[in-house]
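Chain by chain, the residues run as shown.
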Amino acid sequence: MASHKLLLLPGDGIGPEVMAEVKKLIAWMNAHKMGSFETEEGLVGGSCYDAHKVSITDATMEKAASADAVIFGSVGGPKWDGVPYEVRPEAGLLRLRKELQLYANLRPAVTYPALADASSLKRELVEGLDIMILRELTGGVYFGEPKTITDLGNGQKRAVDTQVYDTYEIERISRVAFELARKRRNKVTSMEKRNVMKSGVLWNEVVTDLHKREYKDVQLEHMLADAGGMQLVRNPKQFDVIVTDNLFGDMLSDVAAMLTGSLGMLASASLGEVNPKTKTRKSLYEPVHGSAPDIAGKGLANPIAMIASFAMALRYSFGMIKEADMIEKAIAATLDKGIRTADIAGKGDKTVGTTQMGDAIIAEMETLAG
Ligand code: IPM
Ligand code: MN
């Protein structure tokens, strides 16, 4: 059995707590010969800043580059609000994304049947929801230069961020969108602001051209990003794959998360280009939720997004489709039994903590493994 090398980066806040549940799951899978995983751990974010005065070290970057997949928790928290911008906790995550060239961020928003009532939207709007937000992750305003604050000398300062996209960046993310759609319900909705932004004009043009050239069989629709946000909460089931830029994708995926009941439910995969020689790709898997400093250290966090992110690693990095399906089934079965962390509990529901949720999911794995 080929062994898979994982770099675990738990990070800050609830990151280490939810990562502990993935570690349990990995140990369980190793013990049951369901894959063979070797893990190493590293520091990222504020916890790395405390130890090394940077948000990720070069040594950890090297380990990330040579791992078969990086499993990432979360970074940030009020403790590091005052640290220099260049070494703020989030910079470690952004460096990983940029240097590993993880340009395609898949954020599936799936509403588990048992949770349709946990959403802030009506049950009939979200029941059976299964959409994919595909976010461009290495370009746009997150990385565009100049990115500055200048003192104008008259008591005023000027802040500049730069939104920049080249044709190739838009084309490669659009290609991922069309390929994903072909394996789903064959529809892509592209979201930008071509009515205000030049990058939106080019985005629209490049998606349209690629569609005409290579993907005529896929249904393509364009939507302005603001209208798209509105449609996501008005009638989310109209979508299949939504492809959008880095900043809009950040916002729209948080919106989509609430359709599934909680930010604690949304997993994500960040993927690079497939290496034609090795047929493998750089990858990082992380929950969409942040470090939740308000509940950190209390054992209350929902580990499902983290565990589901690990399932995405099996699916997208290791081709372990059966095992990935099994984890997702175990999550669904746990929820069907009414087991809830506080973030997905209804009025009067009994709630469990992080470790109990992790244990319950592993117990379902036992059952499914027979
Ligand atoms: C996300 C997060 C990050 C982002 C932060 C932590 C830098 O919000 O992954 O959605 O803005 O991309
Ligand atoms: Mn975000």
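The rules behind each value
- Residues numbered from 1 in each chain as written.
- Chains lettered and ligands numbered in written order.
- Predicted model: local features only at pLDDT ≥ 70, side-chain atom pairs only at ≥ 80, totals over all residues.
- Heavy atoms only, no water.
- Near = heavy atom within 4 Å.
- Polar contact = N/O pair within 3.5 Å; in protein donor to acceptor, adjacent residues only side chain to side chain.
- Areas by Shrake-Rupley, 256 points an atom, 1.4 Å probe, with all protein chains shown as cover.
- Nonpolar A, V, L, I, M, F, W, Y, C, P; charged D, E, K, R; others polar.
- Helix = DSSP H or I, 4+ residues; strand = E, 2+ residues; numbered from the N terminus.
- Contact = heavy atoms within 4.5 Å.
- Pairing = 2+ DSSP bridges.
- Axes fitted to C-alpha atoms, helices over the stretch in contact; angles between N-to-C directions.
- Buried < 20%, exposed > 50% of the residue type's maximum accessible area, 1.4 Å probe, protein only.
- Domains from an automatic or database assignment.
- Buried area = accessible area lost by both parts, 1.4 Å probe.

Draft legend 1. Local environment of the site of ligand 1. Around ligand 1, the structure places E90, R97, R107, R135, Y142 and D250. Within the side chain of R107, an N or O atom sits 2.8 Å from an oxygen atom of ligand 1. At 2.5 Å, a side-chain N or O of Y142 approaches an oxygen atom of ligand 1. Calculation on ligand 1 without its partners gives an accessible area of 320 Å², and the protein chains cover 77% of this total. Broken down by class, the residue content of the shell around ligand 1 amounts to one nonpolar, no polar and five charged.

Draft legend 2. Seen up close, the side chain of N302. For N302, the location among the structural elements is in the loop between β12 (281-287) and α10 (304-316). At 2.9 Å, the side chain of N302 forms a polar contact with the backbone nitrogen of I304. In this structure the side chain of N302 is engaged in a polar contact, spanning 3.4 Å, whose partner is the side chain of T341. Those residues in contact with N302 that sit more than four places away from it in its chain are V18, G264, M265, H289, T341, D343 and I344.

Draft legend 3. Layout of the sheet that holds strand β1 (residues 3-11). Reading across from one edge, β2-β1-β3-β12-β11-β4-β5-β10-β8-β9 is the order of the ten strands in this open sheet, with mixed pairing throughout. Two strands lie at the open edges of the sheet, namely β2 (36-41) and β9 (219-224), each paired on one side alone. Adjacent strand axes in the sheet meet at a mean angle of 25 degrees, parallel and antiparallel pairs treated alike. Pairing analysis gives seven bridges linking strand β4 (residues 104-110) to strand β5 (residues 130-136), with the strands arranged antiparallel. Counterpart to A104 in the pairing with β5 is E136. Contacts from helix α3 (residues 58-66) reach β1, β2, β3 (69-74) and β12 within the one sheet, and its direction differs from that of β1 by about 140 degrees.

Draft legend 4. Region of the structure containing the pairing of β4. Counting buried positions along β4 gives six out of seven residues, so the element sits mostly inside the fold. Summarising the sheet, β4 and strand β11 (residues 267-274) pair through three bridges and their orientation is antiparallel. From the neighbouring strand, L106 faces β11, where its bridge partner is A269.

Draft legend 5. Quick peek at helix α4 (residues 89-99). Buried residues of α4: P89, A91, G92, L93, L94, L96 and R97, and no others. Q101 sits one or two positions beyond α4 and adopts a positive phi of about 55 degrees.

Draft legend 6. Representation of the domain arrangement of the protein chain within the structure. Taken domain by domain, the protein chain comprises domain 1 (1-112 + 262-370) and domain 2 (130-140 + 166-259). For domain 1 and domain 2, the distance between their C-alpha centres works out to 25 Å. Taken residue by residue, the interface counts 20 residues in domain 1 and 20 residues in domain 2. Taking both partners together, domain 1 and domain 2 bury about 1800 Å²; carbon and sulfur atoms supply 59% of that area.

Draft legend 7. Geometry of the side chain of H211. Positionally, H211 belongs in helix α7 (residues 198-214). Ignoring any residue separated from it by four or fewer positions in sequence, one finds H211 in contact with F178, K216, V218 and L220.

Draft legend 8. Summary view of the environment of A69. Checked against the element boundaries, A69 lands in strand β3. On the basis of relative accessible area, A69 is assigned to the buried category, the value being 0%. Along the chain, A69 and R281 lie 212 residues apart, while their C-alpha atoms are 8.7 Å from each other.

Draft legend 9. View of unusual backbone geometry. Here E145 and P146 are connected by a cis peptide whose omega angle stands at 0 degrees. Topologically, P146 is positioned in strand β6 (residues 144-151). Phi at K53 is positive, roughly 65 degrees, even though this residue is not glycine. By the element assignment, K53 lies in the loop between α2 (46-52) and α3. Residue class for K53 comes out exposed when judged on its relative accessible area of 52%. Residue N186 is not a glycine yet carries a positive backbone phi of 65 degrees. Its location among the elements puts N186 in the loop between α6 (167-182) and β8 (187-192).

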